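Summary of structural features
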Amino acid sequence: MAKMARTWWGEKFLDVLSISMDIGRLKRGRSYAGPSRILEFDIRDHRVTAKIRGNINPYFEVYREPEYKVAVNLKCISMTDWERIVEQISRNAAFVSQLLMDEMPSAIEDVFEQRNLYLLPRKRTDLVSKCTCPDYVSPCKHVAGVYYKIASLLDRDPFLLFQLRGMKFDILHEKLSATPLGKTLIEQQEKEELTVEYHTHRYTLPSKETRKNTNLNTFWQGDRPVPQVISAGDATTPAILIKRGGEYPAFWQRDISFVEVMESVYSRVNSKNKTIL
């Protein structure tokens, strides 16, 4: 069976389901995460809503194929706590650089734990859900299906986890970009993107006034030497443009991180061609 999450944060996000529902509903919930079951799906602020295609079930007196409405959200962190968390993150260069490049720091939970909070859900009470199905147990298999869907989205967009906790991506990005460390990182990225600079003309054009007294060598080569290609030197962060697309962009279907693969390619190309760059 295919993995429902491919990143460490996606897998940890799903862990709360194993302590929130019985194994039977949990297994059946996986089958409700696909497009044939999820008819509608929407994320607005920190709340996720969906319409799920259910099954005919005479035991619950359901004799026609039903459609159920599901709502899922995580308990929000207060804005006061978020301001303090962002301030603490902004003092850590590694956290700032990774978050601005759409990477989830492996130790990000340390920041939250210092305030007796946590980003990834850990307890059953962290998951707030509602479904219109007749199942008396909550969360039901339809809620599990939506939760699996959210986990798959987190693989490509880890910042969605911040939004589900009450901090939207654009606001977080703006706050981090405005910090001294954020500004320095952005300037570094702009310099690394411009790795090669060419002059407007590779060869100097002789002026009309000096053409009469110009010998053949000066005529063809110009008065000044040919400008050299200017290199920015070794990049401090490999595959920096690739990282902006995230670990698992939409076109990437393999379980291994796309960034990890491209970092290896960048390193091999740079090493092989170092003498001619």
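Quick caveat: nothing in here was measured; it's all calculated off a predicted structure. (Residues numbered from 1 in each chain as written. Predicted model: local features only at pLDDT ≥ 70, side-chain atom pairs only at ≥ 80, totals over all residues. Heavy atoms only, no water.)

Observations concerning the sheet that holds strand E1 (residues 38-44)
Spelled out, the test is: The pairing criterion for strands is at least two bridges between them, as found by DSSP. Per the convention used, a helix needs a DSSP run of H or I reaching at least four residues, while a strand needs a run of E reaching at least two, with both numbered from the N terminus. Convention adopted: a line fitted to C-alpha atoms gives each axis, helices being fitted over their contacting stretch, and angles between N-to-C directions are expressed from 0 to 180 degrees.
Read across the sheet, four strands follow the order E1-E2-E3-E4 without closing on themselves; strand pairing throughout is antiparallel. A single partner strand is all that each edge strand has here, and the edge strands are E1 and strand E4 (127-131). Averaged over all neighbouring strand pairs, the angle between strand axes comes to 15 degrees, with direction disregarded.

Focus: the confidence of the model for the protein chain
Rules: By definition, pLDDT measures how confident the predictor is in each residue, and it falls between 0 and 100. It only takes one pair of heavy atoms within 4.5 Å for two residues to be counted as in contact.
Per-chain confidence: the protein chain averages 79 in pLDDT, with 73% of residues scoring 70 or above. Within the protein chain, no element has a lower average pLDDT than strand E6 (residues 230-231), which sits at 46, and none a higher one than strand E2 (residues 47-53), at 95. Low confidence marks residues 229-236, where pLDDT is under 50. Its contacts with residues over four positions away, or in another chain, come to 15 contacts.

Quick look at unusual backbone geometry
Geometrically, the link from Ser138 to Pro139 is a cis peptide bond, its omega value of 5 degrees lying close to zero. Summarising the element assignment, Pro139 is placed in the loop between E4 and helix H6 (141-156). In this model, Asp45 sits at a positive phi of 60 degrees, which is unusual for a non-glycine residue. Its place among the elements puts Asp45 in the loop between E1 and E2.

Side note on the nonpolar core
So the rule is basically this: Buried residues of nine kinds, namely Ala, Val, Leu, Ile, Met, Phe, Trp, Tyr and Cys, make up a nonpolar core once their side-chain atoms join them within 4.5 Å. Exposure classes here rest on a 1.4 Å probe applied to the protein chains alone. A residue is buried below 20% of its type maximum, exposed above 50%, and partly exposed in between.
Formed by 56 residues in total, the largest nonpolar core has its most connected members in Phe13, Leu17, Trp82, Phe112, Tyr147, Ile150 and Phe162. Of all the elements, H6 adds the most residues to this core, at nine residues. Excluding residues that lie within four positions of it along the chain, Phe112 makes contacts with Ile77, Trp82, Ile85, Leu117, Tyr118, Leu119 and Phe162.

Concerning the side chain of Ser90
We apply this condition: For the purposes of these results, a polar contact is taken to be a pair of N or O atoms within 3.5 Å, where, inside protein, one atom must be able to donate a hydrogen and its partner to accept one; residues adjacent in sequence count only when each atom of the pair is a side-chain atom.
Note on placement: Ser90 falls in the loop between helix H3 (79-89) and helix H4 (93-100). Looking at Ser90, the relative accessible area reads 16%, which means it is buried. At 2.6 Å, the side chain of Ser90 forms a polar contact with the backbone oxygen of Glu87.

Thoughts on the packing of aromatic side chains
Two descriptors summarise a pair of aromatic rings, namely the distance from one centre to the other and the angle between the planes of the rings. Rules: A pair of Phe, Tyr and Trp rings is counted when the ring centres sit within 6.5 Å of each other, with Trp represented by its six-membered ring. The angle between the planes then sorts it: under 30 degrees is stacked, over 60 is edge-to-face, the rest tilted. Throughout this description, the term charge over a ring refers to an Arg CZ or Lys NZ atom that lies within 6 Å of the ring centre and within 35 degrees of the ring normal.
Throughout the structure, instances matching the rule amount to five aromatic pairs. Ring centres of Trp82 and Phe112 lie 5.6 Å apart, and the angle between their planes is 90 degrees; on these two criteria the pair is classed as edge-to-face. In this pair, Trp82 is assigned in helix H3 and Phe112 in helix H5 (residues 108-113), connecting sequence segments 30 residues apart. Like Phe112, Trp82 is buried. Counting every residue linked through ring pairs, the aromatic cluster contains Trp82, Phe112, Phe159, Phe162 and Phe169. Here Arg37 stacks its cationic end above the ring of Tyr32, 4.7 Å away from the centre of that ring. The ring centre of Phe41 lies 5.8 Å from the NZ or CZ of Lys149, which sits over that ring.

Some words on H3
Filter applied, for reference: Each direction from the helix axis to a C-beta atom contributes to the arc, which is the arc of those directions.
Those residues of H3 that fall on the buried side of the exposure criterion are Asp81, Trp82, Ile85, Val86, Gln88 and Ile89. Looking straight down H3, one finds that the buried residues subtend no more than 160 degrees of arc, so they occupy a single side.

Side note on the environment of Ile108
Within the secondary structure layout, Ile108 lies in helix H5. As a C-alpha pair, Ile108 and Leu119 span eleven residues in sequence and 8.2 Å in three-dimensional space.

Things to note about the environment of Ser18
Within the secondary structure, Ser18 is located in helix H1 (residues 8-18). Distance in space between the C-alpha atoms of Ser18 and Arg124 is 9.3 Å, their sequence separation being 106 residues. Side-chain polar atoms of Ser18 contact the backbone oxygen of Asp15, separated by 2.6 Å.

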